[in-house]
Structure formats: structure tokens, C-alpha cells
Amino acid sequence: MSIKTIMCVVGLKVGDHDLQSAISLCNENQARLLVLVLAFASPPPIGDYASTISDVWLEERTREIHKLKKRAATIAKLVETAGVSASVQSEYLEFASAVDEIGRRGRCSDLTLIGSEALKSSVLKTKIIEGALFESARPLLIVPEGCIPTLTPKRILVAWDSRAEAARAMREALDMLVGADEVHITIVDPDTSSSMNGPEPGADVGAYLAHHGAKVTVDRLPSGGAEIADVLKQHAVDTAADLIVMGGYGHSRLRERVFGGVTKSMIDDPTISILMAR
């Protein structure tokens with residue numbers, strides 16, 4: 001996929017590290033930057049005391065909107081100084097509408113980046129991930145602390161389970177996969193049934209990528225009772241991977257939240273950059 005526009009979502013109470021990562025990524029790829037600056041509105045007062053505190057609530061709302069505009073203006077100057085083609089937009093949102101708004105803005109970009117600062121903010125992290133994965137129809141690049149964002153990784157691990165989400169992520173990353181020095185198609189506890197991986201797990205997807213020119217190795221790994229996410233993370237270390245490519249939420253969000261899952265485990269504790277799509 002040709003990356004020409006990258007979206008970065010920032011909040012009022014985070015620094016500029018994620019923004020700098022996005023600027024670096026745009027410079028690397030001659031891409032345009034879309035910055036969405038968010039502030040979340042406090043719910044309006046209700047109940048018996050609503051009339052007595054409504055003035056306080058309105059004053060707080062006014063202050064937050066002023067801070068948001070000031071933050072957006074500061075960011076606009078920062079990206080202008082960096083010499084990046086950019087659009088800086090701000091929104092003062094109710095919590096309930098944030099996911100839809102992030103998704104709507106994300107549809108006009110090729111990729112949404114979430115960096116280490118947003119990952120530390122539970123509210124911002126949740127809204128960005130859900131908006132990007134479920135509402136934007138675009139991939140999400142997760143860049144944890146200590147990782148340098150890049151769209152030209154040398155070694156890539158593809159977490160493969162034959163599901164549509166994994167196929168979508170792989171297709172979104174195809175240019176990266178073709179350009180990498182090594183691509184490891186990694187299947188943990190492969191299901192050899194005809195409806196999943198088949199009798200030779202990974203052979204079909206390996207051939208597909210090889211026909212595109214990717215340098216592919218298929219790795220079939222037993223979990224040995226360990227969590228699949230932990231096996232993938234360890235294999236990423238063993239193969240010195242720069243990036244993990246994987247599908248997001250093969251099961252419903254509710255099931256992932258209640259019972260856990262590979263997506264949730266990878267998002268909760270990412271160790272290297274992850275390109276995720278659904």
C-alpha cells in the first residue's frame with residue numbers, strides 16, 4: 001500500500017513524542033500528516049444540583065475549549081517548523097462520539113499511528129484503537145516506547161491464522177513485505193483442517209507472497225501451553241523482527257474484553273511495532 005497520508009491523534013495531556021514520531025514517518029515517506037487534537041467533554045450535570053453547578057460546568061467547558069485551540073495552534077507551528085505538509089484539526093468531543101469521529105477522520109488517511117504517549121493514556125488509547133480498527137477501514141501502526149517507527153522494516157513477522165483479518169493486514173503491508181530482507185510467516189499451533197490452514201499450513205500464503213517477490217520463511221510453532229501472544233513476541237525477538245503484521249479482533253470486542261485474546265494481549269503490552277488491520 002502506498003502511504004501518502006498518516007494520521008496522528010493527540011490529546012491535551014500528552015507531550016509531543018507521538019507527534020515527532022509521525023513527523024519522522026512522514027519525512028521518511030514524503031507523506032502528508034493529519035493531526036487530530038482531541039479533548040473530551042465532561043458530562044453535563046444532572047439531578048437535583050444541576051442548576052447550581054451548571055455555571056461551573058460551563059466555565060470548565062470554556063476553559064477546555066480554549067486549551068484545545070491553544071494546543072492545536074502550538075502543534076500547527078511545530079509541524080510548520082518541521083517542514084511537513086500537514087493539516088491540524090481539533091475536536092471537543094463527548095466520549096461516546098470519539099470512536100466514530102476518529103474513524104471518520106481516519107478514512108481520509110492511509111494509516112493511523114498510535115505512539116507510546118497515547119498508549120499510556122487509557123482513554124485515548126481505547127478510542128484511537130477502536131476508531132482506527134473498527135471505523136476507519138485503514139490499518140493502525142502501534143509504536144511502543146523505545147521503538148523507531150518505520151514503513152521500511154528489514155525483518156517482518158506476519159502472525160498468520162488464515163482468517164480474513166490476517167489476510168487484510170498482510171495485504172495492507174504488501175509493499176513492506178516485498179521490500180523486507182526477511183518475512184517470517186508465523187503460525188502458532190496450526191489448524192490443519194481444510195477450513196483453516198490446510199494440510200501444509202502456511203504454504204499457500206507463503207507462495208502468494210513469494211510470487212510478489214517477498215523473501216518468505218514459514219515458521220510453524222507449538223505454543224507448549226503458553227499464550228499465543230507470548231509465543232509471537234518471543235519469536236519476534238528470536239528473528240530480530242522490526243515489525244509484526246497481524247489482523248485485529250478475529251473475535252468480537254466483547255469476547256476479547258471478557259475472555260482475553262491475542263489482539264488484546266498484543267495491544268496491552270506491545271514490545272515492537274505492530275501493523276494491525278481488520
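Structural data are supplied above this passage.
Reference entry: report on the structure contained in this document.

What counts as what
Residues numbered from 1 in each chain as written. Predicted model: local features only at pLDDT ≥ 70, side-chain atom pairs only at ≥ 80, totals over all residues. Heavy atoms only, no water. Helix = DSSP H or I, 4+ residues; strand = E, 2+ residues; numbered from the N terminus. Rg over C-alpha atoms; globule rule 2.2 N^0.38 Å. Buried < 20%, exposed > 50% of the residue type's maximum accessible area, 1.4 Å probe, protein only. Contact = heavy atoms within 4.5 Å. Lys, Arg positive; Asp, Glu negative; His and termini not counted. Charge placed at Lys NZ, Arg CZ, Asp CG, Glu CD. Axes fitted to C-alpha atoms, helices over the stretch in contact; angles between N-to-C directions. Parallel < 35°, antiparallel > 145°, perpendicular 65-115°, else oblique. Left-handed = near helix turned anticlockwise from the far one by under 90°. Nonpolar A, V, L, I, M, F, W, Y, C, P; charged D, E, K, R; others polar. Salt bridge = Lys/Arg side-chain N within 4 Å of Asp/Glu carboxyl O. Phe/Tyr/Trp six-rings, centres within 6.5 Å; stacked < 30°, edge-to-face > 60°. Pairing = 2+ DSSP bridges.

Okay, the overall build of the protein chain next. Along its length, the protein chain carries 11 helices and 10 strands. Since a compact globule built from 278 residues should have a radius of gyration of about 19 Å, the 20 Å found for the protein chain is in line with a globular shape. Here the C-alpha coordinates of the protein chain stretch approximately 70 × 45 × 30 Å along the principal axes. The 278 residues of the protein chain split such that 50% are buried. Put simply, of all contacts in the protein chain between residues at least 6 apart along the chain, 79% involve residues at least 24 apart. Across the protein chain, the centroid of the 30 positively charged side chains sits 5 Å from that of the 36 negatively charged ones.

How two helices sit against one another is set out by the angle between their axes and by the gap between those axes. Where helix H3 (residues 95-106) contacts helix H5 (residues 122-135), the two axes come as close as 7 Å, and the packing angle between them is 45°. With respect to H5, the axis of H3 lies oblique. Between H3 and H5 lies a crossing of right-handed hand. Counted together, Phe95, Ala98, Val99, Asp100, Ile102 and Gly103 of H3 and Val123, Lys127, Ile128, Glu130, Gly131, Ala132 and Glu135 of H5 form the full contact between these two elements. By residue class, the composition of the contact of H3 with H5 is 7 nonpolar, 2 polar and 4 charged.

Bringing the pattern of salt bridges into the picture now. Applying the stated criterion across every chain yields a total of 13 salt bridges. Aspartate 242 is the partner of arginine 155 in a salt bridge, and the nearest nitrogen-oxygen pair spans 3.8 Å. Of the two residues, arginine 155 sits in strand E6 (residues 155-159) while aspartate 242 sits in the loop between helix H9 (228-238) and strand E9 (243-247), which places them 87 residues apart along the sequence. Within this structure, Glu91, Glu101, Arg104 and Arg105 form a network of salt bridges that share partners.

This paragraph deals with the packing of aromatic side chains. Applying the stated criterion across every chain, the model contains 2 aromatic pairs. An angle of 10° between the planes, with centres 5.0 Å apart, marks the rings of phenylalanine 40 and phenylalanine 95 as stacked. One end of the pair, phenylalanine 40, is in strand E2 (residues 32-40); the other, phenylalanine 95, is in helix H3, with 55 residues separating them in the sequence. On the numbers, 5.2 Å between centres and 50° between planes, the contact of phenylalanine 134 with tyrosine 249 is tilted. Taken as a pair, phenylalanine 134 in helix H5 and tyrosine 249 in the loop between E9 and helix H10 (253-259) lie far apart in primary sequence, 115 residues in all. Judged by relative accessible area, phenylalanine 134 falls into the buried class, the value being 19%.

For a regular strand, side-chain orientation follows a simple rule: the groups alternate between the two sheet faces. Burial analysis of strand E1 (residues 5-11) places 7 of its 7 residues in the buried class, the great majority of the element. In E1, alternate side chains face the same way, and those of Thr5, Met7, Val9 and Gly11 on one face and Ile6, Cys8 and Val10 on the other are all buried. Bridge count between E1 and E2: 7 bridges; the pairing is parallel. Bridge pairing links valine 9 to leucine 36 in E2.

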